[in-house]
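Letter by letter, the chains look like this.
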There are 2 protein chains.
Amino acid sequence: MAGGVGSRFWPLSTENFPKQFHDILGAGQTLIQKTFDRLAQLVPDENILILTNERYKTLVNEQLPMVKDSHIVLEPAMRNTAPCILLAALKIQKTNPNAIMVVAPSDHWIEDEASFSRDLDIAFNACNSSDVKKGEDDLLVTLGIKPTFPHTGYGYISYSDSDQNVKKVNAFTEKPNYETAQKFLAQGNYAWNAGIFIWCVQTIVDSFEKYLPEMYKILSGGMPVFNTNHEQTFVHEEYPKVENISIDYGILEKGKNVNVVPATFDWSDMGAWCSLYDKKEKDSDENVVINANMISKNSSGNLVRTKDGKIVVLHSLKDFVVVDREDILLIMPKEKEQEVKILRQEVKDKFGNNLV
Amino acid sequence: MAGGVGSRFWPLSTENFPKQFHDILGAGQTLIQKTFDRLAQLVPDENILILTNERYKTLVNEQLPMVKDSHIVLEPAMRNTAPCILLAALKIQKTNPNAIMVVAPSDHWIEDEASFSRDLDIAFNACNSSDVKKGEDDLLVTLGIKPTFPHTGYGYISYSDSDQNVKKVNAFTEKPNYETAQKFLAQGNYAWNAGIFIWCVQTIVDSFEKYLPEMYKILSGGMPVFNTNHEQTFVHEEYPKVENISIDYGILEKGKNVNVVPATFDWSDMGAWCSLYDKKEKDSDENVVINANMISKNSSGNLVRTKDGKIVVLHSLKDFVVVDREDILLIMPKEKEQEVKILRQEVKDKFGNNLV
């Protein structure tokens, strides 16, 4: 899934060039390239579909040249995660009704790829078990990240503890307040919802038919044309008609047999600038410097990101985000990062769409 | 005089592109262009000499295309103001022994050009009086700026008050401490030394012969070749041999008949970033924004300068200097502006000469 705008990572991330297509971490690869490589260790390249907005087709072509146009599903409108997942599931189902499918956002950060592969294998095996393959149960699996602090910006999954690697989900709680998040951590049987899902295509298609019948009706109408030259015309016409809803809200919270694999890898949704600060190595003054060459005096706790090799000279600046690109410079306290969206909107209103 | 490096205006001003060649004020003209135009109202273009370092010849050619190469005096080494003024005086003397000469820095800010012209006229007339022309007295005139606050970075001129427009100078005091500067202002008969001088060429050449005889001996040796094709060879060979000394220290502080015309115009030596902040119009939050398009929140008292049209978004930044150029970004409290030189040196040591 690579259709988001990443507005909290503005001004680096923009509508025309969102964060999944940036090397936000300064790692030598963009987030979508890293995500592709991570999944390609488990899934053959030719089985990977990219779900993105029409306007990002060129970016996908450039950054993932091994992905054929037939594997890039272009959404003509932003409709959240449920519709694009159903669309992909139907396309896969047409090719292989017995397929097991993994859904992953393209803009997350996962350092330990070996652990990721191991956890994904556990989920695959669970879905591959005979009971499920017979369609006896709507087994939907999500990877749950072990929470390290009471983050109020994530979704939490509570599960029934057991000796199994795959645990039954009790409930989803989206963005709890701090006290609630603290309670969750104390209880222990909670995980962060990483938005990485594993299921049989048959199971998820059935779930859509059951829980989002309108959407199922519209999109399954495309079965005859999926994976043909006529697919894009169908999508262009029908996709905008479907409900704008997330897979969590539309399916998972209603599913009867949702399970979680508590994951062992370190993870970040790279939701905003501070998540980048948290993930990167600090210099001796606790500054994170990406791409820039820094000279600093009495300056600490800052996140600085520029184009490659730009000199940044800081004096007496503390706990700020400094992001510089060709045409925009942002200087803002780290703790105000949630206001990026407001500032971005002001720039949009005042100086136009091409900057946000 | 256009040979300085302007290191306190780094990172805008650099050794290869110093501040006099920048449109620091965002006025549509560089400082040297503004200075040329200001003087050209009183002096014919063809009588204006540009004294600068060899390496700035191209910049002068580009920015002042009306100035012939024969009128650009290229210093092969930095030797402060005295030697270049003597060199210019000798060249002028060879053309016109009766000339009156005005010396002016190319990087100062003067808003009220009409007042500047009036004050300069007063000084010209004083030098033009018959007594002086006969060489009876070494009348050297400087324009003195009425101090508006106890600035500790300027030179002060004390003078004997009188009804005359041209007043006798008692003493020069370079960069007094704050208490002394306060006393000067309270006394009233003090002016800032603007480094703008008016004198007969005969008088200043005589003064050099008297007070800096070694320098006079070396440079006057070039009389036969000045204003010929051989001048530059002579200058290149002999100029580096002369003493490195300012005109104030070398001549004016020793002169017997130094006078000051208390000037009526507003002036700044544009010595550092704060002087730019002081001179420019503020927005409603007391920010000075040059070239940038700014969105700010809870940010005041800042000086922001970028390339034309760059968007700058500030949140919770107060009393800072933010200067952005292609390859360097400086973020520093206004009150630390004197440390620019140190930071500049650090960048030079760490990242090389081409950045400073």
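Structure: see above.
This structure is a prediction, so every number in the text was calculated from the model and none was measured.

Conventions adopted
Residues numbered from 1 in each chain as written. Chains lettered and ligands numbered in written order. Predicted model: local features only at pLDDT ≥ 70, side-chain atom pairs only at ≥ 80, totals over all residues. Heavy atoms only, no water. Helix = DSSP H or I, 4+ residues; strand = E, 2+ residues; numbered from the N terminus. Contact = heavy atoms within 4.5 Å. Salt bridge = Lys/Arg side-chain N within 4 Å of Asp/Glu carboxyl O. Nonpolar A, V, L, I, M, F, W, Y, C, P; charged D, E, K, R; others polar. Phe/Tyr/Trp six-rings, centres within 6.5 Å; stacked < 30°, edge-to-face > 60°. Buried < 20%, exposed > 50% of the residue type's maximum accessible area, 1.4 Å probe, protein only. Least-squares fit on C-alpha atoms with pLDDT ≥ 70 in both.

### Section: unusual backbone geometry
1) Next: Residue A:P11 is reached from A:W10 by a cis peptide bond, and omega for that bond is 10 degrees.
2) Next: When you line up the elements, A:P11 lands in the segment before α1 (31-40).
3) Next: In this structure, B:N80 takes a positive phi of about 65 degrees despite not being glycine.
4) Next: The topology assignment puts B:N80 in the loop between β2 (72-75) and α3 (81-95).
5) Next: A positive phi angle, near 60 degrees, is found at B:D319, a position not held by glycine.
6) Next: Relative to the helices and strands, B:D319 resides in the loop between β14 (311-315) and β15 (320-325).

### Considerations on the interface of chain B and chain A
1) Next: Taken residue by residue, the interface counts 34 residues in chain B and 34 residues in chain A.
2) Next: On the surface where chain B and chain A come into contact, there are six salt bridges.
3) Next: Here B:K297 and A:E339 are joined by a salt bridge, their closest N and O atoms 2.6 Å apart.
4) Next: Secondary-structure elements contributing two or more residues to the side of chain B that touches chain A are β12 (293-297), β14, β15, β16 (328-333) and α12 (340-351) of chain B.
5) Next: The element best represented in the side of chain B that touches chain A is β16(B), accounting for six residues.
6) Next: Looking at side-chain class alone, the side of chain B that touches chain A contains 20 nonpolar, three polar and eleven charged residues.

### Brief notes about the packing of aromatic side chains
Centre-to-centre distance and the angle between the planes together describe a pair of aromatic rings.
Residue and element names in this part refer to chain A.
1) Next: According to the stated counting rule, one finds 23 aromatic pairs over all chains in the structure shown.
2) Next: Consider the rings of F116 and F265, whose centres lie 5.6 Å apart with planes at 70 degrees: the pair is edge-to-face. Separated by 149 residues along the polypeptide, F116 in helix α4 (residues 113-128) and F265 in the loop between β9 (257-263) and β10 (267-268) bring together distant segments of the chain. Side by side, F116 and F265 carry an identical accessibility label, which is buried.
3) Next: Ring centres of W192 and W267 lie 6.3 Å apart, and the angle between their planes is 50 degrees; this geometry places the pair in the tilted category. One end of the pair, W192, is in strand β8 (residues 190-200); the other, W267, is in strand β10, with 75 residues separating them in the sequence.
4) Next: The exposure class of W267 is buried, given its relative accessible area of 3%.
5) Next: By way of ring pairs, the aromatic residues F149, Y154, Y156, F184, Y190, W192 and W267 are connected into one cluster.

### Structural notes on the relation of the copies chain B and chain A
1) Next: When chain B is fitted to chain A, the best match, at an RMSD of 0.0 Å, comes from turning it 180 degrees and sliding it 0.0 Å along the axis. The transformation just described matches what one would write down for a two-fold rotation axis. By C-alpha distance to the rotation axis, the residue of chain B lying nearest is B:E326, at 4.0 Å.
2) Next: When the interface residues of chain B are mapped onto chain A, 100% of them again lie at the interface, so the same face is used by both copies.

### Structural notes on the pattern of salt bridges
1) Next: Tallied over the entire structure, the rule returns 32 salt bridges over all chains.
2) Next: We note a salt bridge from B:E326 to A:K307, for which the minimum N-O separation is 2.6 Å. Highlighted residues: B:E326 in the loop between β15 and β16 and A:K307 in the loop between β13 (303-305) and β14 (311-315), drawn from two different chains.
3) Next: The class of B:E326 is partly exposed, set by a relative accessible area of 49%.
4) Next: Across the pair B:K310 and B:D324 runs a salt bridge whose closest N-O atoms are separated by 2.8 Å. Here B:D324 lies in strand β15 and B:K310 lies in the loop between β13 (303-305) and β14, a separation of 14 residues in the sequence.
5) Next: You can call B:K310 buried: its relative accessible area is 2%.

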